[in-house]
Amino acid sequence: MYGFINICVKALVVEKFGEEVWEQIRGVAGVKDSFISHSGYSDDITINLVGAASQVLGVPTEAVLELFGEYFFTFCQRSGYDEMLRVLGGNLMSFLENLDALHSYLSFSYKQMEAPSFRCETREKDNALILHYYSHRKGLHPIVVGIVRAVAREFFDSDIKIEVLDKTHEEERNGKKEHVTFAIFEKKRQPPPPTIVTTDQNKNRKIEYMDPIKEDVVDDKNIPIESPEYQNVENNRTAGSRSLVHLVSNFKPIYPDRLWLSQEVFCEYFPYHIVFDSGLRPLQLGLHIQRLLPKLKHSQDDTLDSFFKIIHPQIDWKLASMRKFINMQFVLETKRSVITKGWGDDRPMLQLRGQMIWMEGLDAMLYVCSPRVASLKELEDRCLHLSDIPQHDVTRDLILFNHQRLAEIELGKQLEQKKEELRNALNDLEAEKQKTDMLLHSMLPRQVADQLRDGKKVEAGEFTIVTILFSDIVSFTNICAECRPIDIVNMLNALYVRFDKLTSVHDVYKVETIGDAYMVVGGIPVPVPSHADRIANMALGMTVACQEVMSPVTREPIKIRVGIHSGPVVAGVVGRKMPRYCLFGDTVNTASRMESHGLPGKIHISSASCTCMKVDDFEISERGEILVKGKGTMKTYFVNQNKTAPIEVLLGKSRRSSTPEKKDSIKSEGAGSVLKFEHDHQADAIPMVYNDAERMSEFEKTPQPRLTTAASESTSDPPPEVDAQSPNGSVGSKRASIGSTRSRQNEVATAETRVTDFRRQPRRADIHNSRTCVIL
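Residues numbered from 1 in each chain as written. Predicted model: local features only at pLDDT ≥ 70, side-chain atom pairs only at ≥ 80, totals over all residues. Heavy atoms only, no water.

Q: Can you break down the packing of helix H1 (residues 3-17) against helix H4 (residues 61-86) residue by residue, with the values?
A: Running from N to C, H1 and H4 cross one another at 105°; their axes reach a closest spacing of 10 Å. On the basis of their axis angle, the class for H1 and H4 is roughly perpendicular. Contacts from Phe4, Ile5, Ile7, Cys8, Val9, Ala11, Leu12, Glu15, Lys16 and Phe17 of H1 reach H4 at Leu67, Phe68, Tyr71, Phe72, Phe75, Cys76, Arg78 and Ser79. Among the residues making up the contact of H1 with H4, the classes are represented as 14 nonpolar, 1 polar and 3 charged. (Axes fitted to C-alpha atoms, helices over the stretch in contact; angles between N-to-C directions. Helix = DSSP H or I, 4+ residues; strand = E, 2+ residues; numbered from the N terminus. Parallel < 35°, antiparallel > 145°, perpendicular 65-115°, else oblique. Contact = heavy atoms within 4.5 Å. Nonpolar A, V, L, I, M, F, W, Y, C, P; charged D, E, K, R; others polar.)

Q: I'd like a description of the environment of Asp450, backed by residues and values.
A: If you trace the backbone, Asp450 turns up in helix H14 (residues 446-453). Residue Asp450 is classed as partly exposed on the basis of its relative accessible area, which comes to 23%. On a C-alpha basis, the gap between Asp450 and Leu440 in space is 9.0 Å, while along the polypeptide they are 10 residues apart. (Buried < 20%, exposed > 50% of the residue type's maximum accessible area, 1.4 Å probe, protein only.)

Q: Tell me about the packing of helix H3 (residues 43-57) against H4, residues and numbers included.
A: Look at H3 against H4: their axes get within 9 Å of each other, and the N-to-C directions meet at 115°. Crossing of H3 over H4 shows right-handed handedness. For the pair formed by H3 and H4, the contact residues are Val50, Ala53 and Ser54 on the first element and Thr61, Val64 and Leu65 on the second. Classifying every residue of the contact of H3 with H4 by side-chain character gives 4 nonpolar, 2 polar and no charged. (Left-handed = near helix turned anticlockwise from the far one by under 90°.)

Q: Kindly report on the packing of aromatic side chains, identifying the contributing residues and their values.
A: Here a ring pair, both rings aromatic, is described through the centre-centre distance and the interplanar angle of the planes. In the structure shown here, the tally under the stated rule is 16 aromatic pairs. With a centroid separation of 5.2 Å and 75° between ring planes, the pair formed by Phe73 and Phe155 is classed as edge-to-face. One end of the pair, Phe73, is in helix H4; the other, Phe155, is in helix H7 (residues 141-155), and 82 residues separate them in sequence. Per residue, the accessibility class of Phe73 equals that of Phe155, and both read buried. Through a chain of ring-to-ring contacts, the aromatic side chains of Phe4, Phe68, Tyr71, Phe72, Phe75 and Tyr81 assemble into a single cluster. The ring of Phe185 carries the charged tip of Lys161 above its face, separated from the ring centre by 5.3 Å. The ring of Trp260 carries the charged tip of Arg258 above its face, separated from the ring centre by 4.3 Å. (Phe/Tyr/Trp six-rings, centres within 6.5 Å; stacked < 30°, edge-to-face > 60°. Lys NZ or Arg CZ within 6 Å of the ring centre and 35° of its normal.)

Q: Explain the pattern of salt bridges residue by residue, including any values.
A: Evaluated as defined, the whole model comprises 24 salt bridges. Here Arg86 makes a salt bridge to Asp82, at a shortest N to O gap of 3.0 Å. Residue Arg86 and its partner Asp82 are located together in helix H4, separated by 4 residues, close to a single helical turn. Owing to a relative accessible area of 41%, Arg86 belongs among the partly exposed residues under this scheme. You can call Asp82 partly exposed: its relative accessible area is 21%. (Salt bridge = Lys/Arg side-chain N within 4 Å of Asp/Glu carboxyl O.)

Q: Any details on H7? Residues and values, ideally.
A: In this model, H7 (15 residues) spans 21 Å end to end at C-alpha, consistent with the 21 Å of a helix rising 1.5 Å per residue. Among the 15 residues that make up H7, 11 are buried, leaving the element largely enclosed by the rest of the structure. Looking at H7, one finds that the buried residues are His141, Pro142, Ile143, Val144, Val145, Gly146, Val148, Ala150, Val151, Ala152 and Phe155. Looking at the residues trailing H7, positive phi occurs at Asp157, about 50°. (Expected span 1.5 Å × (residues − 1).)

Q: I'd like a rundown of the confidence of the model for the protein, residues and numbers included.
A: Taken as a whole, the protein shows an average pLDDT of 77; of its residues, 76% reach a score of 70 or greater. Every residue in residues 656-683 scores below 50 in pLDDT, and together they form 58 contacts with partners more than four places removed in sequence or on other chains. The model gives residues 704-776 a pLDDT under 50, and that stretch makes 105 contacts with residues more than four places away or in other chains. (pLDDT = per-residue confidence, 0-100.)

Q: Report on the sheet that holds strand S4 (residues 178-188), specifying residues and quantitative values.
A: Here 4 strands make up an open sheet; going across it, the order is S1-S2-S4-S3 and the pairing antiparallel. Either end of the sheet is taken by a strand with one partner, and the two such strands are strand S1 (117-123) and strand S3 (158-168). Strand-to-strand, the axes of this sheet are offset by a mean angle of 25°, without reference to chain direction. In this structure, S3 lies alongside S4, joined through 10 bridges in antiparallel fashion. Among the inter-strand pairings, Asp166 is bridged to a residue of S4, identified as Thr181. Where H7 meets the sheet, it contacts S1, strand S2 (128-135), S3 and S4, and its direction lies at approximately 160° from that of S3. (Pairing = 2+ DSSP bridges.)

Right under this line is the structure:
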């Protein structure tokens, strides 16, 4: 079948059921979404599409084919064949009888088209139209039902009742595989009853249906018209569609007493005609037929089947069969063994197309025909010229017109091919764009990366409260000293692949990895109230995930330290080559200190992070006050487990909540059996659900610490003042005084509060004396 059919199938599914259903059908059928109208495709593709549509839509195959038949008629109208279809016939019967002529014309453009064939007759007992359908393809007859129903409705304003009478294989149709007989009854549509539309005082419209007038409808001659429910299809015509035969009433033809035409003139000006008797013996030949087949001119005993073979309709050389298909076009092809010697062995055979006319009084058949050629090239290949075709024969104009049309079709085909190549190139470009976007989003947050890709400038912005996580591997230095570098790379890759997956589960941003240090932040670049909960759950997942990664030295699961702190930061894009989205502020330094002062297998958090967390959902134990380098004394805590979310949810395996009896919580120490991180790390993680909307209004009203400039560890401490009363200068006491001063500075910074603004504030931040996270 040609691509035009498959394009119609796609248009039907997309228009009636949507693009997603078409993709499902195409996937089940295993075909590509690429068809060209004038290119040939295997019948299996169309059959597979129909079968897949039946499977996906859950309807029988016959229903799909019938729906396709109705839509195919509409699709042909939209494709520029509407006027051509409208002039085929003035009623349904003449329309169907002339479909073969239309297919014959279209075969000039679609060389490989194997069109079905139709034959009509009227059943006398009930005036039903008997339609005979012949096709090379089996099982497609429901398409005819849909097409006939659409034609009757659109062109003749009628509803039809169609029944399948028989399915056989007729002997005379040697080349066809299926012969289906339909009985068609046509019923004119009744116009809707007249209505009266009124409007009352409240401007409400009221529609009243009038009773139809019960009197006989008469024509212009006041003769009652009988309107049975189902009429003879041949007489059922619509206004404006009457043929020339029915335009003039009471017409009586007049025939001359003798034919004013000599045999010589007839044979010369009708050079392509054959008269033969009931025994298929030639009686009269046109001049060009005599030139091409000299043996036929002198033959008295040979029959036509020795010189021609019937191409269409595909029947045997039997007079009864030919009279049965008398209303069809007949295409005959000469046999190479009997054609004139000058024809040559490499030239295609001459085909004749015309009409069979049975002459009852002479007991003979007249075949009036013309050469069947589609273009000037075909005319030349058959040793013919335009002068060999009579001037009264429209074949001359058809050849010239079709030659130009074939050139336009070839140009259109090339344009379709280029369009398809362009579409494939665009799809490939989109796939590459997705790869580059994925790479870009792995380096920068999605919102920031999109702005940079659009050519917009990304300025540094202030975030009043975020939560930062640092982690490192316990005894990483000893592991590096005792194993090969490739083992270190494999270990870190296995670990970071699991950590990266967890960032997608909890929707946090991975900032940096330096060696064994892993840095994540929550609440950037989109501020969310649950930033601390997300980081805490991320940390719990990390402690579980790392248990599947083995140390290349001890062959035991590795352990990590995790530190978390919450506070204000300034974030921005740094650099042009390999730009990074970096964080600046004392919060970064404090989060690093939480990690370095933590314990193996523990999640160490500051009091600021504990305040930001939803403590009812977590099991948190107090560590107490510790002396933190550069910070002084700080009160810290350990996060032990999440009391509401099971392991699977935190690892991105499932969203289902377990019952209290079956729920297995995540513990950071992992004292029992080793938990396995069995999820496919290449697959998409299932994000954990955070109800930020419920906490948004409360979070907006909560005072948060203002971003202030904190003392930098990179700046050296001021020289200690030596106590004059102390012989040794009491340097240690002065260091303690400096530490307490820094602690008071932190308390002052915490006391200065304001309401949090969730919108990023694009501004140029003063990062003097602030810690950075570019290099840890």
